[in-house]
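For reference, the chains in residue letters:
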Amino acid sequence: MKPPPFEYRSAHDSAEAVTLLTEYGDDAKILAGGQSLVPLMNFRMARPSVLIDINQTQDMTHIHAEDGHLVVGAMTRQRVLERDQTAGSAVPLLPAALAHSGHTTNRNRGTFGGSLAHADPAAELPTVLVALGGELTVQGPSGKRTVPAEDFFLAPLVTSLEYNEILLSARLPRLPRGTGVRVEELARRHGDFAIVSVMAAVHLDSNGRADLVRIAAGGVDSTPIRLHEAEAQLSGTTLDDAGIDAAAVAAADSVQPTDDVHGSASYRLEMVRVLVARAIRSAITHQKEGHP
Amino acid sequence: MTTTEPQSTKYAGKPQPGIDDPSLLTGSSTYMDDITVPRMIEGAVLRSPVAHARITRIDVSKARELPGVFDVITGNDLVEIAGEQPVIWYPIPEQRIARAHALATDTVRWVGQGVAAVAAVDRYVAEDALELIEVDYEPLPVVADLEQALAPDAPKLYEDWPDNVSGSMTLTAGDADAAFAEADVVVGASFRHHPGYGCPIETRGCISNWDVFSGRLDVWLGTQSPNLARELFAQVLSLPVSKIRVRTPEIGGGFGLKFDFYPEGVIAAILSRRSKRPVKLLEDRQESFVASSRSRDMRHDFEMALRSDGTILGLRGTAYGVLGGALGTVGAGPPWASVLTSMGPYKIPNQELTLKAVMTNRSPYGSYRGWGVPKGNIVHERLIELAARKLGMSRIELRRMNFPAPDEFPYFSGAAFTFDSGRYADCLDLATSAVEERGWNELQREGREAGRSIGIGYGFHIEPGAYGPSRVLNMVGLDHSGFDEVYVRMDSAGKVTVLSGQISTGQGTHTTYAQLVAEGLGVPIEDVTVVTGDTESCPYTGYGTGGSRAATLGGAAIVNATGRLKAKILRIGAELLEADPEDLELDNGRVSVRGAADSSVSTADIGYSAYRMLNGRLPESETPTLEEVDVFDPANMTTSYACTALLVEVDRQTGAVKLLDCLQAHDAGVIINPLLADGQLAGGLAQAFGGGLFEEFVYDDDGQIRTASFMDYLIPSATDIPPFHFYHQETPAPHIPGGMKGLGEAGTIAGVSVVGSAIDDALSDLGVTVCEFPMTPPRLLELIRAAQSGEATT
Amino acid sequence: MSDKHTITVTVNGHVYTDDCEARMTLADFLRRQCGLTGTHLGCEHGVCGACTVFLDDVAVRSCLTFAVQADGARIKTVEGLAEGDELNTLQKSFQENHGLQCGFCTPGMLMCATELLRENPNPTETEVREGISGVLCRCTGYDGIVRSVMAAADSRRDGVSESGSIS
Ligand code: FES
Ligand code: FES
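Predicted model only: the values in this text are computed from it and were never measured. (Residues numbered from 1 in each chain as written. Chains lettered and ligands numbered in written order. Predicted model: local features only at pLDDT ≥ 70, side-chain atom pairs only at ≥ 80, totals over all residues. Heavy atoms only, no water.)

Time to look at the UniProt feature "domain: FAD-binding PCMH-type" (unreviewed entry) in chain A. Taking the UniProt record as the reference, the feature "domain: FAD-binding PCMH-type" (unreviewed entry) is found at residues 1-177 of chain A. With 34% helix and 26% strand, the stretch residues 1-177 of chain A has end C-alpha atoms that lie 48 Å from each other. (UniProt positions renumbered as here; feature names shortened; annotations may be inferred. Helix = DSSP H or I, 4+ residues; strand = E, 2+ residues; numbered from the N terminus.)

Next up, the structure:
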């Protein structure tokens, strides 16, 4: 399991990475934390002829709040993000989701942007982005553009990044204070890819009505899926049991999972229903019990 | 916790930490891949991507041209030098034995079968070269699983066979048909254990150096059975045994998987002979799923007959061993052992037990800790719980009433094994009272009230160990022996070296041997060195380190040799002290007159007298040197046993099972080292929980394995395994000096069926019966749904 | 097309400069070029954790990092844990509590647990299990390992109260 040969280039900043990508074209791949790409190379299932290492860059490593949003640089290590106070208070779904994403030693090295650009439909960070309607900022030779999360992820391991574009950062809307969040994940073992994961954020107003409901599921379609129908059914309601159960059924109706060795499509459909209901209920509890 | 009186020992029975641990903890020990020998190059094997095909063309010319490549061989090159891979177990009379060469010659019969191999300057280049080898395959119909193999119109793996059945046999005791006819209650089910493997974290590997000029083959091999490997190298390569040296480095886990004799050793030898360089050939993780022994893969269709009072009358059924495209080293051995142990610890007068060994287009079946017995255990433990339910009896009491009583031992089980000794009911009580003590019953009550599905599982197992009396093993079909030989040597400085043919794979062989010698002689444990792993200097062991032999047989030989050596030391001491040997004692490295401590000599004085200054010091009647050799061939095997209990919680909506706590009341005779013993039990149970819930080779219809990575083959991590609590009772093996019984396989035998028992209990209101392992969340959810909708589940 | 680089790394305080192909993993560089075979390879695809080392003080899987990426870095491996000729607190605890059998996962387990205790000196049993869940052990059933890590945390705590600083 030794990787095939490749040429190694190290980029000093995002602009240089874009220049190198443009120079080498399709044969080049960006190397960030390597937690997804390098295993594929060791299996010789991925064989880029050039790797452009962006670990030496400085301009993509940042976490900051900005006009109601949290902005996270693509080269931010997942473990740093998980433990960052600014990020945790603005988007508590992030640390909750990261706790399920591999193990600490993966997150020590793995990057925020790397997970997004890898676009595994079962991965946690893409699901968070989709759940919260995040936006991704990408840079190409002719400048930057912004892509909504739901348009960024196209298929398993496929994004809307052009061959010569690099993911710079992502923006996530800051959740209202007190928003209850919950990650319900069914994985075979702690840290494994999800068979099904559901991310939920819920906020009840002072009358006990939901003024914010965000739900997305991972592992159940070719990309993480925002569960719009379920959200619509629940928004503005008091989130009573019957409503939650109905929304969970609607959620299951809106995804198209496939079989793999860990679960059939029908099992996944059923789990969407179970986990959506659980996630909403737990998110409500989370808001009610309060959190910092 | 132990139920026997504490003995006044210094080392034996004490929790001595592993004597090799400091080097393991500092990265200074040497495992297979850590070894580099001069002029060494590295190999890699090209493996078949298809499960069944004829090879119509192989072109290695491009691979040969790659800079850094020394040699490329195919099956046709290999057969010029090597014979077929050996099989040592022939338990089924008149079995058809399908052997294969280390590299396929014309037909491939499983995904991963070797078709060519490369030797290159390093592994990176060797893998590059594999990509340049061109092979054309003409597909043949694939027999992907057992059911396909048995179908009337099944394609055949071997054209000249009537079907895909390699062999079958039936063992009988009493009259099973009559017993079933007169029974009040019959319970039965089809049990399926899906394939998995031993999966040591260190994969297999070797370095072969075949020097054609001296005619010597020098091998470093990550094996549990160096003596056997040497014999088999000699057999396959037509070399004299005396020209072959097998050394084992530190072994990163074996679990039976490293007992078997694999093609790579032969391939590396051939590459070495041709390239005139030592060749390292390491299996990588991805290869391991198709190149290391596949195990566990069996189906058991069994039923049990009982009287309404709970007396078991009979057991009958057919076990199907899902063999691969060719036989592995141990042939149908493990499936056979599953049948031999399917009556478990219970008195069952009437038995009719059939084994069918069936070929499929899967990788060869081979050894894994437990060696068939975990599935024998599934049969008797699942059936007895089904019977208890049907009879409305306590599952504990039903077990108890069918045990042989302590005075019925030695007890013949009806099939092959005679159980040496046991207090089964005491062991059961020890477990049930521990369950009560730990508050599980209370937890379950409270949990259920809160709507949680908490279950307590029980399992009772027997573990045949000390494999085995050589002549009996030969009689039942083993082309090898079972004795163990040991040298115990005190040197001129009075320090002790033990040489053994057993090896250490982390189970603590070195530590327990040092304890036995230190205890037996009366020397500090620091004075004892244990040497293993070199056929040139270490003695012969039949079989190898497998079959729970190390502590029992090696230990017995050490007890014997040490006893004789001590007597000689005392005789020399008597000369030096001008005393009677009878009046002397040996303690802490000093020989002294009992009751007169100032009159003493050290073992260094004894050593000096036996090796250097003989005159006036060594009695005339004594031969110089201090060495004893013992060969121990047991009169019978040992049978240890345990009652295991497991606390679980089931999520009825997802089918997920959480293991909360586990305890085991165990009897392995005399325990040499409780710290290490508990480690063996815990490690084995964790592996069984892997097999019970997580680990599976999943194949598709084309015979492709879909779980060939650690992302998909799920060995349990720390969050999946519960804490463990062990309780010991000690019923010595009467025929083993030292009284030890085996315990290395206890956990793997006990841990699968108990998962089923616990899940059933958690879902007792639904009447679910777990018969399939691993019980994955989707499978369990299906059982739950079926039970909820009123369908029968068995 | 082999792409060679000369790199310099400081491993356990020693400086190593050597050539390597771009594709050589850090694990192989440590094992093959530096002769530090204490770092083990159990899967080479980032799951088993046997290859865990500290790269600039952070525990990473060395089978998923290329050596060339570590140019200029400070690395610590299992060979760098002992204090002089003595096992460190964690290593001693592993020995006393039977936190190892074959020892193959042990280097990764020790590096992982070292970081865990650095970040969380008083872990609960659940936190220990989660913390080490990225390192697979096939031998121990984890029982001895969990006890070892908990005991090491205890003895470090005692060390703090006695001497006022963590050794
Ligand atoms: S060898 Fe690196 S994680 Fe397994
Ligand atoms: S001690 Fe052997 S793998 Fe952990």
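From this point, the discussion proceeds with the structure in view.
Among the nonpolar cores identified, the biggest contains 218 residues, and Phe 233, Leu 237, Ile 267, Phe 689, Phe 710 and Ile 759 of chain B together with Tyr 142 of chain C are the most heavily contacted of them. The element contributing the most residues to this core is helix H19 (residues 674-694) of chain B, with 9 residues. Residues Val 498, Tyr 513, Leu 553 and Ile 736 of chain B belong to the second largest nonpolar core, which totals 43 residues. (Core = buried A, V, L, I, M, F, W, Y, C linked by side-chain atoms within 4.5 Å. Buried < 20%, exposed > 50% of the residue type's maximum accessible area, 1.4 Å probe, protein only.)

The next subject is the interface of chain B and chain C. On the chain C side, the residues contacting the 53 residues of chain B number 44 residues. With both chains or domains summed, chain B and chain C bury close to 4,000 Å², and 58% of this area falls on carbon and sulfur atoms. If you sort the residues of chain B by the area they bury against chain C, Leu 25, Tyr 124 and Ile 201 of chain B come out on top, with a joint share of 20%. Scanning the region where chain B abuts chain C turns up 5 salt bridges. Where chain B packs against chain C, one counts 23 residue pairs in polar contact (both at pLDDT 80 or more). (Contact = heavy atoms within 4.5 Å. Buried area = accessible area lost by both parts, 1.4 Å probe. Salt bridge = Lys/Arg side-chain N within 4 Å of Asp/Glu carboxyl O. Polar contact = N/O pair within 3.5 Å; in protein donor to acceptor, adjacent residues only side chain to side chain.)

This part takes up helix H16 (residues 509-521) of chain B. Residues and elements named next belong to chain B. In this model H16 runs 18 Å from its N-terminal to its C-terminal C-alpha over 13 residues, within 8% of the 18 Å that 1.5 Å per residue would give. Summarising burial for H16: 11 of the 13 residues are buried, a large majority. For H16, the full list of buried residues reads Thr 509, His 510, Thr 511, Thr 512, Tyr 513, Ala 514, Gln 515, Leu 516, Val 517, Ala 518 and Leu 521. Just past H16, the residue Gly 522 takes up positive phi, approximately 90°. (Expected span 1.5 Å × (residues − 1).)

As a further point, take empty space enclosed by the protein. Residue and element names in this part refer to chain B. Within this structure, the stated rule accounts for 11 cavities of 30 Å³ or more. Of the voids in this model, the largest cavity is the one considered here, and its volume is about 720 Å³. In terms of lining, the largest cavity is formed by 47 residues, of which the most central are Gln 507, Ser 548, Gln 680, Gly 744 and Glu 745. Among the secondary structure elements, those contributing two or more residues to the lining of the largest cavity are strand E18 (453-465), H16, helix H17 (550-577) and H19. Residues belonging to the lining of the largest cavity are distributed by class as follows: 21 nonpolar, 21 polar and 5 charged. In terms of domain composition, the lining of the largest cavity takes at least three residues from each of domain 1 (21-28 + 483-632) and domain 2 (403-465 + 634-794). (1 Å grid on protein atoms, 1.4 Å probe; cavity = no way out; pocket = protein on both sides within 12 Å on 5 of 7 lines; lining within 4 Å. Points joined across faces, edges and corners; volume = space filled by probe spheres on them. Nonpolar A, V, L, I, M, F, W, Y, C, P; charged D, E, K, R; others polar. Domains from an automatic or database assignment.)

So, on to the packing of aromatic side chains. Two aromatic rings are characterised by how far apart their centres lie and by the angle between their planes. Residues and elements named next belong to chain B. Within this structure, the stated rule accounts for 28 aromatic pairs over all chains. Measuring from centroid to centroid gives 6.2 Å for Trp 371 and Tyr 467, while their planes differ by 70°, and the two rings are edge-to-face. In this pair, Trp 371 sits in the loop between strand E15 (350-359) and helix H11 (373-391) while Tyr 467 sits in the loop between E18 and helix H15 (470-475), placing the two residues 96 residues apart along the sequence. Assigned by exposure class, Trp 371 and Tyr 467 land together as buried. Measuring from centroid to centroid gives 5.3 Å for Phe 409 and Tyr 424, while their planes differ by 75°, and the two rings are edge-to-face. Of this pair, Phe 409 sits in the loop between helix H12 (395-401) and strand E16 (411-412) while Tyr 424 sits in helix H13 (residues 424-437), and the two are 15 residues apart along the sequence. Both residues of the pair, Phe 409 and Tyr 424, belong to the buried class. A connected cluster of aromatic rings, assembled from ring pairs, spans Trp 89, Phe 259, Trp 336, Trp 371, Tyr 467 and Tyr 543. (Phe/Tyr/Trp six-rings, centres within 6.5 Å; stacked < 30°, edge-to-face > 60°.)

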